[in-house]
Each structure stands twice: as C-alpha cells, then as structure tokens.
Amino acid sequence: MRDLFEAEEGVTLPLAPGAVLLRGFACGDSAPLLAELQSVVCASPFRHLVTPGGYRMSVAMTNCGRLGWVSDRAGYRYDPVDPDNGKPWPAMPAAFLGLAGAAALQAGFPGFVPDACLVNRYEPGARLSLHQDRDEHDHRAPIVSVSLGLPAVFLFGGVARTDKTRRVPLVHGDVVVWGGPSRLAHHGVRPLDDGDHPATGRCRINLTFRKAG
Ligand SMILES: O=C(O)CCC(=O)C(=O)O
C-alpha cells in the first residue's frame, strides 16, 4: 500500500465537485512544519476540549493564527484568545500560510489566506465523528487539511448527513482541500490505528486551515 501512495505523490485525486486529495503535497515541507509546530505548542499546549454535551474529545487540539476554534459547555466558537492562558493564540508561522495558500491554489482556489489553523493530534484510538465545518463566517473560502505522521482513514461524505460517505486513506504529507459545492461536506476520521512514524512518533498531526473571521 505504501508503495502505491508513494507512486501517487504529486497526483491530484478528485473526491467530489470542489474537493480533491493532493497526494504527498506537504511531504517536502513536513520537517519545517513540524519544527514550527513545536513553538506553537510551547505557547499554547495541546488539550482535550469538552463538547457542549459534556464529552471529552479524544483528539487533542491547539490553534495558531488570529482565531482559534474552541469548544466547551457553552458551545463551539472561534476565539482570538487561548482560554487556557488568556493570551492571543500564537501567530500562524509563514511556512503554514505558504503551504495552505499553495495547496488551495493547486486545488483551484486562488487567494486563500487563512486566519485560523486548528492543530489536531490523534493518538491511537482517537477519532473525529462526522461533522460539518460551519462556525466560519464566510463559506466562500475552502478548507485545507494537512496530514502528518501516522496514516488515517478520512471519511468524506456529502452536504446532507445521510449522503454516502467514502473512506479515503491518508498518509504523511497528504493534503485534502474542499470548497465550493463541497464546502459544507460532512467529514470525519476513523479511530487511529497504533503505529510509530519517523516524523511524529506514535501519533498523527492534522493542520486544518480555515478563513474563519
Ligand atoms: O484530521 C483530519 O484529517 C480532519 C480534521 C477535521 O475534520 C477538523 O478539524 O474539522
């Protein structure tokens, strides 16, 4: 399987109208991205958020950029301040902005300048249930989602929750972009299998870039 993904590196695979998988797009940038992530995590460490219903999320999260996505008993929202330390979220590193803009352009969405980067850390067993990204003001901008480290199975459905969901295997360096008619597509991640990746160890990192404000 790994050889198949390596052979596909640089290939754009359509998922749905307005949605593509850019196989291996972030491979060349992964070391600087992960190095920059260290500084982000130093300033705003990973934490397990609580859903409005009171459940602890299995995925650990932090943010960088002008706005950060947060969840607590009061609901889901974007906040310019990290509620754990009362300070603005760390600035979005230039390498993050550059990669997100380049991936969006490659997917057919020029001029993408995200103001929010949600960083998700999956340890074995962590999952993200099917959801839509709808807390952003302007849905004209796409979502750019970068996978680093352990492989995962991404679930990609349609705008209606009942639409058929496809399973998309993602590996280190893959980037999924969805916008236009797919901007409100349901998506999620299956429970992460255990493993050890040379770049991240026993976890998967996902960077989700959005224009939130
Ligand atoms: O981890 C992923 O690949 C997807 C993350 C995601 O769906 C989200 O942050 O909304």
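The coordinates are above.
Residue indices begin from 1 for each chain and proceed along its sequence in written order. This being a predicted model, a pLDDT of at least 70 is required before a residue's local features are given, and a value of 80 or more before pairs of side-chain atoms are given or counted; all residues contribute to the totals for chains, interfaces and linings. Water and hydrogen atoms were dropped before computing side-chain values, which therefore reflect all heavy atoms in the structure.

A. Structural view of the sheet that holds strand β2 (residues 19-22). Any two strands with at least two DSSP bridges between them are considered paired. Secondary structure elements are taken from DSSP: a helix is a run of H or I of four residues or more, a strand is a run of E of two residues or more, and numbering for both begins at the N terminus. Pairing is antiparallel across the open sheet formed by 7 strands, whose spatial order is β1-β2-β13-β10-β15-β8-β3. The sheet is open, and its two borders are formed by β1 (12-16) and β3 (60-64), each paired with just one other strand. Ignoring strand direction, the axes of neighbouring strands in this sheet form an average angle of 20 degrees. Inspection of the sheet shows β3 paired to strand β8 (residues 116-122) by 5 bridges, in the antiparallel sense. From the neighbouring strand, Thr62 faces β8, where its bridge partner is Val119. Orientation is described by lines fitted to C-alpha atoms, with helices fitted over the stretch in contact, and by angles between N-to-C directions that extend from 0 to 180 degrees.

B. Geometry of the packing of helix α2 (residues 30-43) against helix α3 (residues 94-106). Relative to each other, α2 and α3 sit at 135 degrees, their axes nearing to 9 Å. As far as their axial angle goes, α3 and α2 are oblique. Crossing handedness for the pair α2 and α3: left-handed. Contact with α2, carried on its side by Leu33, Glu36 and Leu37, involves Ala95, Phe96 and Leu99 of α3 and no other residues of that element. Three classes are used, and their members are as follows: Ala, Val, Leu, Ile, Met, Phe, Trp, Tyr, Cys and Pro are nonpolar, Asp, Glu, Lys and Arg are charged, and the others, Gly among them, are polar. Each residue belonging to the contact of α2 with α3 can be placed in one class, and the counts come to 5 nonpolar, no polar and 1 charged. Should an angle fall under 35 degrees it is called roughly parallel, over 145 degrees roughly antiparallel, and 65 to 115 degrees roughly perpendicular, with every other angle called oblique. Helix crossings get a hand from a simple test, with the near helix turned counterclockwise from the far one by less than a right angle marking a left-handed crossing and a clockwise turn marking a right-handed one. Any two residues whose heavy atoms approach within 4.5 Å at even a single point are treated as in contact.

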